[in-house]
Structures are given as C-alpha cells and as structure tokens.
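# Structural description and commentary
Read off the chains here:
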Amino acid sequence: EILAFAREGVLIDRLNAFQQTDKWEGPSTKALVNTLEAAVAKFPTDFLNDLAPYLEAKRLYQYGLISGLKQAWTCAEKEATGIDWTAVWPRILKFLDDLISPTEFWDEVVPPDSDWVPDRNWIPPVVAELLRAGVRSDEHAYSAALLPVALGLIDTLLVRAEACDAPSDDPMTAAINSPKGKAIEAIFSHALRQCRVCDAVDQDHSACWAEMERIFDRELAGTKGHNFEFSTLAAAYLPNLEYLSKHWLTTHVKEIFREEYADNFDAAIGGLAYADATKNNYLMLLDAGIIDAAQ
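Analysis parameters
Residue numbering note: each chain is counted from 1, following its sequence as written. At least 70 in pLDDT is required for a residue's local features to be given in this predicted model, at least 80 for side-chain atom pairs to be given and counted, and no such filter applies to totals for whole chains, interfaces and linings, which use all residues. Side-chain numbers here rest on the full set of heavy atoms in the structure, without hydrogens or water. Helix and strand definitions here come from DSSP, where helices need a minimum of 4 consecutive H or I residues and strands a minimum of 2 consecutive E residues; each element is numbered from the N-terminal end. Here, expected helix span is obtained from the residue count minus one, scaled by 1.5 Å. Categorising residues by exposure relies on relative accessible area from a 1.4 Å probe, with only protein chains included: less than 20% of the type maximum marks a residue as buried, more than 50% marks it as exposed, and the intermediate range marks it as partly exposed. Patches here are clusters of residues that have more than 30% relative accessible area and form no salt bridge, with a 9 Å joining cutoff for like charges and a 5 Å cutoff for nonpolar side chains (Val, Leu, Ile, Met, Phe, Trp, Tyr). To measure how exposed things are, a 1.4 Å probe is used in the Shrake-Rupley method; for residues, cover is taken only from the protein chains shown. Here, a salt bridge means any Lys or Arg side-chain nitrogen found within 4 Å of an Asp or Glu carboxyl oxygen. Here a Phe, Tyr or Trp ring, Trp counted by its six-membered ring, pairs with any other such ring whose centre lies within 6.5 Å, and the pair is stacked when the planes are under 30 degrees apart, edge-to-face when over 60, and tilted otherwise. What we call a nonpolar core is a set of buried Ala, Val, Leu, Ile, Met, Phe, Trp, Tyr and Cys residues that are connected through their side-chain atoms within 4.5 Å. The criterion used for residue contact is that any of the two residues' heavy atoms lie within 4.5 Å. To be clear, the arc concerns the directions from the helix axis to the C-beta atoms. Pairs of cysteine sulfur atoms within 2.5 Å are identified as disulfides in what follows. Each axis is a line fitted through C-alpha atoms, taken for helices only over the stretch in contact, and angles between the N-to-C directions span 0 to 180 degrees. Angular relationships are summarised with four words: roughly parallel below 35 degrees, roughly antiparallel beyond 145, roughly perpendicular across 65 to 115, and oblique for the angles in between. Each crossing gets its hand from how the near helix is turned against the far one by less than a right angle, where anticlockwise is left-handed and clockwise is right-handed.

This part covers helix H11 (residues 179–202). Relative to the 34 Å expected for 24 residues at 1.5 Å per residue, H11 spans 34 Å between its end C-alpha atoms, a close match to the ideal helical length. Within H11, 18 of the 24 residues are buried, which leaves the element mostly enclosed by the surrounding structure. Two residues or fewer after H11 comes Gln-203, characterised by a positive phi angle close to 60°.

On the surface, Tyr-282, Leu-283 and Leu-286 cluster together into a nonpolar patch covering about 270 Å² of accessible area. For Leu-283, the position within the fold is in helix H17 (residues 279–287). The exposure class of Leu-283 is partly exposed, given its relative accessible area of 36%.

Below, the discussion takes up the packing of aromatic side chains. Evaluated as defined, the whole model comprises 14 aromatic pairs. With a centroid separation of 4.9 Å and 50° between ring planes, the pair formed by Trp-89 and Tyr-142 is classed as tilted. One end of the pair, Trp-89, is in helix H6 (residues 85–100); the other, Tyr-142, is in the loop between helix H8 (123–133) and helix H9 (147–160), and 53 residues separate them in sequence. The same class applies to Trp-89 and to Tyr-142, which are both buried. Seen from their ring centres, Trp-209 and Phe-216 are 5.0 Å apart, and the 45° between their planes marks the pair as tilted.

Turning to the nonpolar core, a few remarks are in order. In terms of nonpolar packing, the biggest core is built from 93 residues, with Phe-47, Ile-92, Leu-96, Phe-216, Ile-256 and Phe-257 touching the most fellow members. Residues within four places of Ile-92 in sequence aside, it is in contact with Leu-48, Leu-51, Leu-69, Trp-85 and Leu-130.

What follows covers helix H15 (residues 246–256). The set of residues buried in H15 consists of Trp-248, Leu-249, His-252, Val-253 and Ile-256. The buried side chains of H15 occupy one side of the element, clustering within an arc of 155° when seen end-on. On its buried side, H15 packs onto helix H12 (206–221), helix H13 (228–236), helix H14 (238–244), helix H16 (262–272), H17 and helix H18 (290–294).

Here the focus is the state of the cysteines. Counted under the stated rule, the structure contains one disulfide. Residue Cys-198 pairs covalently with Cys-208 via a disulfide, S to S 1.5 Å. Highlighted residues: Cys-198 in helix H11 and Cys-208 in helix H12, separated in sequence by 10 residues.

Before going further, it helps to spend a moment on the pattern of salt bridges. If the charged atoms of two oppositely charged side chains come close together, the side chains can form a pair. In this structure the tally under the stated criterion is 16 salt bridges. The closest approach of N and O atoms between Arg-160 and Asp-107, which form a salt bridge, is 3.6 Å. In this pair, Arg-160 is assigned in helix H9 and Asp-107 in helix H7 (residues 103–107), connecting sequence segments 53 residues apart. Accessibility expressed as a relative area gives 35% for Arg-160, which makes it partly exposed. For Arg-258, the salt bridge identified is with Glu-255, shortest N-O distance 3.8 Å. Among the residues examined, Arg-258 registers a relative accessible area of 5% and is labelled buried. Taken together, the shared-partner salt bridges connect Asp-155, Lys-180, Arg-214, Arg-218 and Glu-219 into one network.

Position of Asn-281 relative to the elements: it lies in helix H17. Residue Asn-281 is classed as buried on the basis of its relative accessible area of 5%. Apart from residues lying up to four places away in sequence, Asn-281 is in contact with Leu-238, Pro-239, Glu-242 and Leu-249.

Turning to the packing of H9 against H11, a few remarks are in order. Closest axis-to-axis distance for the H9/H11 pair is 9 Å, and the angle between their directions is 155°. It follows that H9 is roughly antiparallel to H11 by the angle criterion. Crossing hand, H9 versus H11: left-handed. Contacts from Leu-147, Ala-150, Leu-151, Ile-154, Leu-157 and Leu-158 of H9 reach H11 at Lys-180, Ala-183, Ile-184, Ala-186, Ile-187, His-190, Arg-193, Gln-194 and Val-197.

Below, the structure written as structure tokens:
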C-alpha cells in the first residue's frame, strides 16, 4: 500500500492522516514508520524522484524516509541496485538542507512520547549517520563536488544537535550515541574523505584542511566542562588527526587532553583507549606529559 500510494503521489496525505486507534490491537503509528522505512530501503527509486513533498510530512515519517535512504545506500555498497546515485545524492542533500537549515526546525517544541515513536529529536542523528555513510568509503561515496554542501549540513548539526550535558562513566558509548557525537563522527569522516580527494588530485591536502580547521578549532574551544563528545572522539581519532594536520594536532594535543578540566580529560582518556596505537602518537603524548597525568 505504501508503494502504491507513493507511485500515485498521495503517500504524504495518507501518512499524515493516519490515526492510531487501538494501541494494543490495531495498527500502530510506530509500525507504520517501520513499514515506511523498510519500503524506502527496499524500493528507494519510488521515493527518490521527488523528495520535496516529504518536507510536509510529519516528523516521524521524515525520520522513516531518511533512515530508509541510509539503509538503501548501505545496501548499494554490497549489491547493485540499478540506481544512479550520482543523480540522487544532490536531491538528498537538497532535501536535508531544506529540512534542517530553518531555525524553526530546531526551535520546535517536542512533546514527550512514552511510546518511543520517532519525533524531531530523532532526525538530527539519522541525518548525521546518512552523511557519514556517504563518505566513509572512497569506493562508495557521493560526488566530491557535493562535499561543500554536505560540510554546511554537518556544521549545522554540530552547532545545533543536542549534546551530553554531563560526563559519563562510559564516555565512548555516550559519545557515539548522542546526536552531537554522531555529528562529530560525521565531520571526521567528511574531513578524511575531503583530504583524500585533495591528495589524489594535488598530492597535498593542506588547503582542504584549512577550509575545515575553523570547525575543529570551535569544537575544541568548547571542551571546557562541555562538549565531552569531542574530547572523547578527538582522542579516539588521534591517528586520523595526525593525517589531517600533524601541526594542528601537536599544537592542540594538550587542549584535547585538558588536565584543568577533569571531566574532559577523563573523556579523552576514555576515547584514547579506542585509538589505533602508533609510535608517533605515543611519543607525542609522552612529551606532552599526558601519559604521566593519566596515571
């Protein structure tokens, strides 16, 4: 039925009009979202021709659409789908931009829901996951020409997405599961992809890094009793930061591991446990006194 309504151009009206009448026996709103998600994942072409109408869908169905697109893209890495993703990704990014760029999206009041049904708060994390999935592999990535657009979207998520308001006993789990942490992982994957593209063309990525350095500077500046996700993930991505800019890393390593802010320092040490061990990073941490401070 969802596919038929999509092909007829009436899906949004049908979805928005659905009313759950019996929580225990009848069709549920959550099940409808799950079914939409599965339909988009399996038959993405029926939804990708025109994404603009989905801006009028209720938030839970927007979430189902984006999550389904992420699954479809992930599946396309393993098996041929016959979809021209080069033509599709500009539409996806335009839709995401139209969705999350307006201030009204972030200022929207989200009522509590005990049924665990997707709402506005579910959308930023799944957008970050989709954007990250789009660049994690050089062999399965959207066009490099779209990187500036995607960077703007990730920057919006970094500024606006909800962050952990307190340190955690398990900083890595907290970081990778928070909306802000997912956005931080997206910017790392994006930066690595953009620099690899520059290296392939110019055998140098210093200019590419310069375009993104301000974002990393801003996030690092926020790690003073806040932004525990960046403290954790910057430490976990230490070898990747060395590739992005060894100068930036060596200049700012003591700010990643802020001894004067114990909670951020602990978060960074928690993230460091997940970093690939390299001799360069060990010597850098040793010279900076961070290993001694962690003991």
